[in-house]
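Per-entry structural report
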Amino acid sequence: MNQIQKLKISTPGRICLFGEHQDYLLLPVIPAAISLRISIEGERRKDAEITLKLPDINSGIRFPITKNIEYVLDRDYFRSVFNVLQKKGFTFSSGLNGIVKGTIPISSGTSSSSALVVSWTNFLARMSDQAKDLSAGEIARIAHRAEVLEFGEPGGMMDQYSTALGGIIHLSFYPVISIKPINVKMGDYVLGDSKSPKDTKSILSRVKNRIIQIVQKLSIHYPEFSLQSIQLLELDRFRKELNNDEMELLEGTIRNRDITIEALKLLETFPLDGKKLGALLNDHQQILRDVLQISTEKIDRMLDAAMEAGAYGGKINGSGGGGCMFVYAPKNTEVIAEAIKRAGGKAYIVRVDEGTRVDQMIE
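Residues numbered from 1 in each chain as written. Predicted model: local features only at pLDDT ≥ 70, side-chain atom pairs only at ≥ 80, totals over all residues. Heavy atoms only, no water.

1. Some remarks on unusual backbone geometry
Outside of glycine, negative phi angles account for most residues, and trans bonds account for most peptide bonds. Residue Pro 175 is bonded to the preceding Tyr 174 through a cis peptide linkage, with omega at 0°. As for its position among the elements, Pro 175 is in the loop between strand E6 (169–172) and strand E7 (178–181). For the bond from Phe 270 to Pro 271, the omega torsion is -5°, close enough to zero to count as cis. Mapped onto the elements, Pro 271 comes out in the loop between helix H6 (244–267) and helix H7 (274–290). The backbone phi angle of Asn 58 is positive, close to 50°, even though this residue is not glycine. Examined against the element boundaries, Asn 58 turns out to sit in the loop between strand E3 (49–54) and strand E4 (59–64). Looking at Asn 58, the relative accessible area reads 74%, which means it is exposed. Positive phi outside glycine occurs at Ala 131, with the angle close to 50°. (Helix = DSSP H or I, 4+ residues; strand = E, 2+ residues; numbered from the N terminus. Buried < 20%, exposed > 50% of the residue type's maximum accessible area, 1.4 Å probe, protein only.)

2. Thoughts on the packing of aromatic side chains
Scanning the model with the defined rule gives 12 aromatic pairs in all. Seen in terms of ring centroids, Phe 63 and Phe 82 are 5.7 Å apart; in terms of plane orientation they differ by 85°. Their pairing is edge-to-face. With Phe 63 in strand E4 and Phe 82 in helix H1 (residues 77–87), the pair connects residues that are 19 residues apart, well separated along the chain. You can call Phe 63 buried: its relative accessible area is 2%. Between Tyr 189 and Phe 326, the aromatic rings sit 5.8 Å apart at their centres with planes inclined by 70°, giving edge-to-face as the arrangement. Here Phe 326 lies in strand E10 (residues 324–328) and Tyr 189 lies in strand E8 (residues 189–193), a separation of 137 residues in the sequence. Relative accessible area serves as the criterion here: at 1%, Tyr 189 is assigned to the buried category. Counting every residue linked through ring pairs, the aromatic cluster contains Phe 63, Phe 78, Phe 82, Phe 92, Trp 120 and Phe 123. (Phe/Tyr/Trp six-rings, centres within 6.5 Å; stacked < 30°, edge-to-face > 60°.)

3. Some remarks on the pairing of E10
Here E10 lies mainly inside the structure; five of its five residues are buried. Across the two faces of E10 the burial is the same, with Cys 324, Phe 326 and Tyr 328 and Met 325 and Val 327 all buried. As paired strands, E8 and E10 are joined by five bridges and run antiparallel to one another. Opposite Leu 191, over in E10, you have Phe 326 as the bridge partner. Direction of pairing for strand E9 (residues 313–317) relative to E10: antiparallel, over a ladder of five bridges. Each bridged residue has a counterpart across the sheet, and for Gly 313 the counterpart in E10 is Tyr 328. Hairpin geometry of E9 and E10 is characterised by an intervening segment of six residues between the two adjacent antiparallel strands and by a positive phi of about 95° at Gly 318. (Pairing = 2+ DSSP bridges.)

4. What to know about the pattern of salt bridges
Under the definition given, this model contains 23 salt bridges. With its nearest N and O atoms 2.8 Å apart, the salt bridge here joins Arg 45 to Asp 47. Among the ionic pairs, Glu 354 bridges to Arg 357, the shortest N-O distance being 3.0 Å. For Glu 354, a relative accessible area of 45% translates into the label partly exposed. Through salt bridges that share partners, Arg 45, Asp 47, Glu 49 and Arg 62 make up one connected network. (Salt bridge = Lys/Arg side-chain N within 4 Å of Asp/Glu carboxyl O.)

5. Observations regarding helix H8 (residues 297–308)
Its 12 residues place the ends of H8 16 Å apart at the C-alpha level, agreeing with the 16 Å of an ideal helix rising 1.5 Å per residue. Tucked inside the fold, the buried residues of H8 contact E8, H7, E9, E10 and helix H9 (333–342). Once H8 ends, the next one or two residues include Gly 310, with phi positive near 115°. (Expected span 1.5 Å × (residues − 1). Contact = heavy atoms within 4.5 Å.)

6. Considering the packing of helix H2 (residues 112–127) against helix H4 (residues 158–165)
Packing of H2 against H4 leaves a shortest axis separation of 9 Å and a crossing angle of 60°. As the angle between them shows, H2 and H4 are arranged oblique. Considering how the two elements wind past one another, H2 and H4 form a crossing that is right-handed. For the pair H2 and H4, the contacting residues are Ser 114, Ala 115 and Val 118 in the first and Asp 159, Gln 160, Thr 163 and Ala 164 in the second. Tallied by class, the residues present in the contact of H2 with H4 amount to three nonpolar, three polar and one charged. (Axes fitted to C-alpha atoms, helices over the stretch in contact; angles between N-to-C directions. Parallel < 35°, antiparallel > 145°, perpendicular 65-115°, else oblique. Left-handed = near helix turned anticlockwise from the far one by under 90°. Nonpolar A, V, L, I, M, F, W, Y, C, P; charged D, E, K, R; others polar.)

7. A short note on H6
When the terminal C-alpha atoms of H6 are compared, their 34 Å separation across 24 residues agrees well with the 34 Å that a helix rising 1.5 Å per residue should span. The N-terminus of H6 is capped by Asn 243, whose side-chain oxygen sits 3.1 Å from the backbone nitrogen of Asp 245. (Polar contact = N/O pair within 3.5 Å; in protein donor to acceptor, adjacent residues only side chain to side chain.)

8. Section: the sheet that holds strand E12 (residues 357–362)
As summarised here, the arrangement of the six strands in space is E4-E3-E5-E2-E1-E12, forming an open sheet in which the pairing is mixed. With partners counted over all chains shown, the strands left at the sheet margins are E4 and E12, one partner each. Direction aside, the axes of adjacent strands within the sheet are offset by 15° on average. One ladder, built from four bridges, connects E3 with strand E5 (residues 96–102); its direction is parallel.

Right, here's the structure in full:
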């Protein structure tokens, strides 16, 4: 087998159409890969060292290939992917030079970190001594381990699967992981970056921990309780166990689950009713804003401006507290993008895109 001498891999970012803050509860989500991507391009070295240039953040990284590489950075993803791959039997007899570039907004809820880790996983597996062309699902699982489990992070698996597989998918986690591609023709979206930083880790921990505590409390008295099967009309029976805030969060979680179920049916119906899709996005945003309290005043202004300019509907994207929003905008797309800019955001017109891929390969 000829060794690959030079390789370029790229991976998309993603928006979460439906199911925000649901994947870590093993509830279904509907993410969509978008046409903003991160690429890693590199070639072999003669020694056993990794050297990467990161011009987008005016930085770089360098480390030797050893067993059990020590982490020296917060969320040290370049090293963690190496460790996970080596534990799975991959070996590397030569080092690598590379450059990382991207168009995905960083730390803004569009999965730039997962796209990076997926690209790096795909790149290293192909450049390893084993030269493996991994399936998108296997890349996603390795990336999740390297990004989340290695660092004890609170996130779920939506980002890794969405960016690795691409397109629009329905991702179900219970009782086992199930992936259903959604083949629907859609127009453009407009992504708006509020340019306000967010703390993904603390927001995820806060929201996740609150609902998990509610589930644990109810399970003591109702061992059969399940977020997957409980119906909205059944929630009144739990009022004596929960305070008003807990009841509101539980109800919001179940409503979000049901919106995702309704959205799946809509997306599988031809022709797509774009106005109804927009209304479901708005319903989802209302819960994220008022119940989970993860939206911001600036995000809300950007959404309002986009809706006034003709968007069908939209929501905050990602864990919240800042970052990005998006709207479904199959018509008047440029006008809507300008409205988001006037509201203080940076606008990107995006479409649904394919997953991680080889852009160049020289043996």
